[in-house]
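# Chain and residue survey
Chain residues, written in single-letter form:
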Amino acid sequence: MLNLAVFVSGRGSNFQSILEAISSKVLEAQVKSVFTDKESCGAMEIAEKYSIPVYSISNTDKPGFISYKEVSELLLKQQVDLIVLAGFLKKLPDTVVDEYENRIINIHPALLPCFGGKGMYGMNVHRAVFNSSAKVSGATVHFVDKIYDNGKIIAQEAVDISDVGSPEEIAERVLKIEHKLLPFVIKKISEKKVVISENRVIVH
Ligand code: GAR
């Protein structure tokens, strides 16, 4: 059984897709804790509904927030095997990336290495894709390293966007893919079917 910690910042639909994969026994894993940079967000409400502990994190001494040092202690205590960034919009500190090398994954709503990097999150990504006149977009799940959206790509799926009329339409099509791709990758990791081979990641 894979122990997960999920990091979120928004409505939590990707987090929900993980919980549904677990409930329907497609995925053999448990979410030990949820971490967020927000005081409140949709994903927090989902966690509360499922009785999963939620922690708000901050780099400063905000009341009600915990520090990244405490995050690391909790991850260790909860024996977390894999950190999943499911719409988490902050950069993890290098210390956490070092502690969890190749055990942190992120979902990005475009086909990396295009349309990634600092500031490229959520609708910013879809607007950039729309304005670029690209005919395809998609979702990427990748390992997290110390640079935004730079880690090795584990899985991608593309979608035709040649007929869309707005960035919102791209977001809608991509989100459908995300909800399948993220649980798929977690499942493959839980089955030890994700193998890093030099600069590539092979999914068996
Ligand atoms: C998702 O589209 C995810 O790919 C994106 O934020 C959204 C969160 O939605 N993440 C990024 O842009 C990270 N660079 P959700 O809260 O409904 O899962």
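The structure this text deals with has already been given above.
### A look at helix α6 (residues 167–190)
Here α6 contains 24 residues, and its C-alpha end-to-end distance of 34 Å stays within 8% of the 34 Å for a straight helix at 1.5 Å per residue. Lys192 sits one or two residues past α6 and shows a positive phi near 55°.

### Things to note about the sheet that holds strand β2 (residues 29–36)
Pairing in this open sheet of seven strands is mixed, and the strands run β3-β2-β1-β4-β5-β6-β7 from one edge to the other. The sheet is open, and its two edges are formed by β3 (54–56) and β7 (153–160), each paired on a single side. Across this sheet, the average inter-strand angle for adjacent strands is 20°, counted without regard to direction. Across seven bridges, the pairing between strand β1 (residues 2–8) and β2 is parallel.

### Focus on the side chain of Ser33
Structurally, the position occupied by Ser33 is in strand β2. In terms of polar contacts, Ser33 uses its side chain to reach the side chain of Gln78, at 2.6 Å. Not counting residues up to four positions away in its chain, the partners in contact with Ser33 are Leu4, Ala5, Val6, Ile52, Pro53, Tyr55 and Gln78.

### Quick word on unusual backbone geometry
That bond from Leu112 to Pro113 is cis: its omega, 10°, falls within 30 degrees of zero. Mapping Pro113 onto the fold places it in the loop between β5 (104–108) and α5 (122–132). For Ser133, which is not glycine, the phi torsion reads 70° and is therefore positive. Look at Ser133 and you get exposed, because its relative accessible area is 52%.

### Some remarks on the site of the ligand
Within the structure, the ligand sits among 13 residues, and Arg11, Gly12, Ser13, Gly122 and Glu178 are positioned closest to it. One of the side-chain N or O atoms of Ser13 is found 2.5 Å from an oxygen atom in the ligand. Contact between the ligand and His108: a nitrogen atom at 3.3 Å from a side-chain N or O atom of the residue. Protein contacts shield 92% of the accessible area of the ligand, which totals 450 Å² for the unbound molecule. Within the residue set of the shell around the ligand, elements represented by two or more residues are α1 (13–23) and β5. Residues belonging to the shell around the ligand are distributed by class as follows: four nonpolar, seven polar and two charged.

### Looking at the packing of aromatic side chains
In total, this model carries three aromatic pairs according to the counting rule given. When the centroid spacing of 5.3 Å and the interplanar angle of 25° are considered together, the rings of Phe35 and Tyr55 count as stacked. Here Phe35 is found in strand β2, whereas its partner Tyr55 is found in strand β3, with 20 residues between them in sequence. Since its relative accessible area comes to 0%, Phe35 is described here as buried. Taken together, Phe7, Phe35, Tyr55 and Phe88 form an aromatic cluster joined through their ring pairs. Cation over ring: Lys62 sits above Phe65, and NZ or CZ is 4.4 Å from the ring centre.

### Looking at the environment of Arg127
Topologically, Arg127 is positioned in helix α5. For the pair formed by Arg127 and Ala171, sequence separation is 44 residues and the distance between their alpha carbons is 9.1 Å. A distance of 3.0 Å separates polar atoms of two side chains, one belonging to Arg127 and the other to Asn124.

Basis of the calculations
- Residues numbered from 1 in each chain as written.
- Predicted model: local features only at pLDDT ≥ 70, side-chain atom pairs only at ≥ 80, totals over all residues.
- Heavy atoms only, no water.
- Helix = DSSP H or I, 4+ residues; strand = E, 2+ residues; numbered from the N terminus.
- Expected span 1.5 Å × (residues − 1).
- Pairing = 2+ DSSP bridges.
- Axes fitted to C-alpha atoms, helices over the stretch in contact; angles between N-to-C directions.
- Polar contact = N/O pair within 3.5 Å; in protein donor to acceptor, adjacent residues only side chain to side chain.
- Contact = heavy atoms within 4.5 Å.
- Buried < 20%, exposed > 50% of the residue type's maximum accessible area, 1.4 Å probe, protein only.
- Near = heavy atom within 4 Å.
- Areas by Shrake-Rupley, 256 points an atom, 1.4 Å probe, with all protein chains shown as cover.
- Nonpolar A, V, L, I, M, F, W, Y, C, P; charged D, E, K, R; others polar.
- Phe/Tyr/Trp six-rings, centres within 6.5 Å; stacked < 30°, edge-to-face > 60°.
- Lys NZ or Arg CZ within 6 Å of the ring centre and 35° of its normal.

Keep in mind that these numbers describe shape and distance, not what the molecule does.
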